[in-house]
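Listed below are the residues making up each chain.
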Amino acid sequence: MIVLGLESSCDETGVALYETGRGLLAHRVHSQIDLHAAYGGVVPELASRDHVRRLPALIRQVMADAGLGLNSLEAIAYTAGPGLAGALLVAAGTAEAMAAALGVPALPIHHLEGHLLSPLLAADAPAFPFVALLVSGGHTQLMRVDGVGRYQLLGESVDDAAGEAFDKTAKVMGLPYPGGPALAQLADQGRAGRFSLPRPMLHSGDLNFSFSGLKTAVMTVLRGEGAAPADLAAEFQAAVVDVLTHKAKLALKQTGLKRLVVAGGVGANQALRARLDEMTARRGWRVYYPEPALCTDNGAMIAFAGAMRLAAGAAGHAGGAVTVRPRWPLDTVVAPAA
């Protein structure tokens, strides 16, 4: 089955084609970083307008890359939430209209489900069940995953997500937009330990996270001790990595599972990957990541999630009605009816 995937939840426009049995046929992503850089963050109205401009061209390009026509599509999956309402409506409206015109099912997909399942696109894919650590700009969650749509929330951030903390701290430190990658790059040039930052909720005993206090701690250091930004960035990154690694280890111990999946934009952070690799190897566990190009928002994960849902028994619906869910807890997503 050939599935077209459309993603427009925030500031990346993603389009991809996935075929069951063959894998990913083609995918393209347009980033809006340059568009939003002047404002230091995503401007929702500008994001929506840019999705409108980019999406039709990206669909044509991906179809051409795969050497296929629109009549070869057998389903269209799209991100229905969570995300920016106006941005979500672009992919949703396009997908529903195309599905209605082509007479194929439309499948609304949870954005985080796409991230969570994206490591299964790799050649060395994990089997169910596993623990998933979702770390992105808007979400930090630990989930038990027993199958498609079978998700149990184990813990989540009570305030800022890890990626959000990276971005906010980078802004405080005067780093260019987008701040998270800039801070991680600066951290690679520094040495953790020169400054002392907290490890929030490290020993709380539960699987929840809190990262908002780290930004405040960085501001305090900047006011009191001043320079050495690379060392401060390194200490900040080490604090986040320490907490994420400890909580992931605790989740594996509590569930008795031995497979960890890491997904979301922060999952590309090399310091985090190194620590998780070390932690899991030492205990005989396995950790799985998406391909680097699939860590950020993309259409490939949406097309793949749609194909997996169809394979698990989902029927989709006739295209037409456009509904998005800007707020949509992942643990409310239901498994396909077999």
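What you are looking at is a predicted structure, and each value in this text was computed from that prediction instead of being measured. (Residues numbered from 1 in each chain as written. Predicted model: local features only at pLDDT ≥ 70, side-chain atom pairs only at ≥ 80, totals over all residues. Heavy atoms only, no water.)

*Asks:* Tell me what's going on with the overall build of the protein, and back it up with residues and numbers.
*Replies:* Helix and strand content of the protein: ten helices and eleven strands. Computed over its C-alpha atoms, the radius of gyration of the protein comes to 20 Å, within 12% of the 20 Å expected for a compact globule of 338 residues. Seen through its principal axes, the protein has C-alpha atoms that stretch 65 × 45 × 30 Å. Partitioning the contacts of the protein with sequence separation of at least 6, the portion at a separation of at least 24 is 73%. Put simply, the protein has 28 plus and 29 minus side-chain charges, and the middle of one group is 4 Å from the middle of the other. (Helix = DSSP H or I, 4+ residues; strand = E, 2+ residues; numbered from the N terminus. Rg over C-alpha atoms; globule rule 2.2 N^0.38 Å. Contact = heavy atoms within 4.5 Å. Lys, Arg positive; Asp, Glu negative; His and termini not counted. Charge placed at Lys NZ, Arg CZ, Asp CG, Glu CD.)

*Asks:* So what about the pattern of salt bridges? Which residues, and what values?
*Replies:* Inspection of the entire model under this criterion finds 16 salt bridges. Residue Arg22 is joined to Glu19 by a salt bridge in which the shortest nitrogen-to-oxygen separation is 2.9 Å. Accessibility expressed as a relative area gives 16% for Glu19, which makes it buried. Among the salt bridges present, the one from Glu45 reaches Arg49, with a minimum N-O distance of 2.9 Å. One end of the pair, Glu45, and the other, Arg49, are both in helix α2 (residues 44-66), four residues apart, so they sit about a helical turn from each other. (Salt bridge = Lys/Arg side-chain N within 4 Å of Asp/Glu carboxyl O. Buried < 20%, exposed > 50% of the residue type's maximum accessible area, 1.4 Å probe, protein only.)

*Asks:* Break down the sheet that holds strand β3 (residues 23-31) for me, with residues and values.
*Replies:* Read from one edge to the other, the open sheet built from six strands follows the order β3-β2-β1-β4-β5-β11, with strand pairing classed as mixed. The sheet is open, and its two edges are formed by β3 and β11 (317-318), each paired on a single side. The sheet strands contacting α2 are β1 (2-7), β2 (12-19) and β3, and the helix crosses β2 at an angle near 25°. This element, helix α3 (residues 85-102), spans β1, β4 (75-81), β5 (105-110) and β11 of the sheet and lies at about 155° to β4. (Pairing = 2+ DSSP bridges. Axes fitted to C-alpha atoms, helices over the stretch in contact; angles between N-to-C directions.)

*Asks:* Residue-level account of the sheet that holds strand β7 (residues 140-147), with values.
*Replies:* The pairing of strands in a sheet comes from backbone hydrogen bonds and takes either a parallel or an antiparallel form. The strand order across the open sheet formed by five strands is β8-β7-β6-β9-β10, and the pairing between neighbours is mixed. Every other strand in the sheet has two partners, leaving β8 (150-156) and β10 (286-288) as the edge strands with one partner each. Going from strand to strand, the sheet's axes swing by 25° on average, the running direction of each strand aside. Bridge count for strand β6 (residues 130-135) against strand β9 (residues 259-263) is four bridges, and the pairing is parallel. In the sheet register, Leu134 faces β9, and the bridge partner there is Ala263. This element, helix α9 (residues 270-282), spans β6, β9 and β10 of the sheet and lies at about 155° to β10.

*Asks:* Break down the nonpolar core for me, citing the residues and quoting the values.
*Replies:* Within the largest apolar cluster, 60 residues are counted, with the highest numbers of intra-cluster contacts made by Leu6, Ile76, Leu116 and Tyr151. Per-element tally for this core: the top contributor is helix α10 (residues 299-311), with nine residues. For this core, the two domains that each supply at least three residues are domain 1 (2-116 + 295-332) and domain 2 (128-289). The residues contacting Leu116, other than those within four sequence positions of it, are Phe130, Ala132, Leu134, Met143, Val145, Tyr151, Val261, Ala263 and Leu330. In terms of nonpolar packing, the next biggest core, distinct from the first, is built from 46 residues, Leu133, Leu183, Ala187 and Ala217 among them. (Core = buried A, V, L, I, M, F, W, Y, C linked by side-chain atoms within 4.5 Å. Domains from an automatic or database assignment.)

*Asks:* Requested: an account of the pairing of β4, with residues and values cited.
*Replies:* Burial runs high along β4: seven of the seven residues are buried. Alignment of β1 against β4, held across four bridges, turns out to be parallel. By the bridge assignment, Val3 is partnered in β4 with Ala75. Taken together, the five bridges between β4 and β5 define a ladder with parallel strand orientation.

*Asks:* Any details on α10? Residues and values, ideally.
*Replies:* Its 13 residues give α10 an end-to-end C-alpha distance of 18 Å, which sits within 8% of 18 Å, the value for a rise of 1.5 Å per residue. Among the residues of α10, Gly299, Ala300, Met301, Ile302, Ala303, Phe304, Ala305, Gly306, Ala307, Met308, Arg309 and Leu310 are the ones counted as buried. Where α10 is buried, its residues meet β1, β2, β3, β4, β5 and α4 (111-117). The residue sitting at the N-terminus of α10 and contributing the capping side-chain oxygen is Asn298; that oxygen lies 3.0 Å from the backbone nitrogen of Ala300. (Expected span 1.5 Å × (residues − 1). Polar contact = N/O pair within 3.5 Å; in protein donor to acceptor, adjacent residues only side chain to side chain.)

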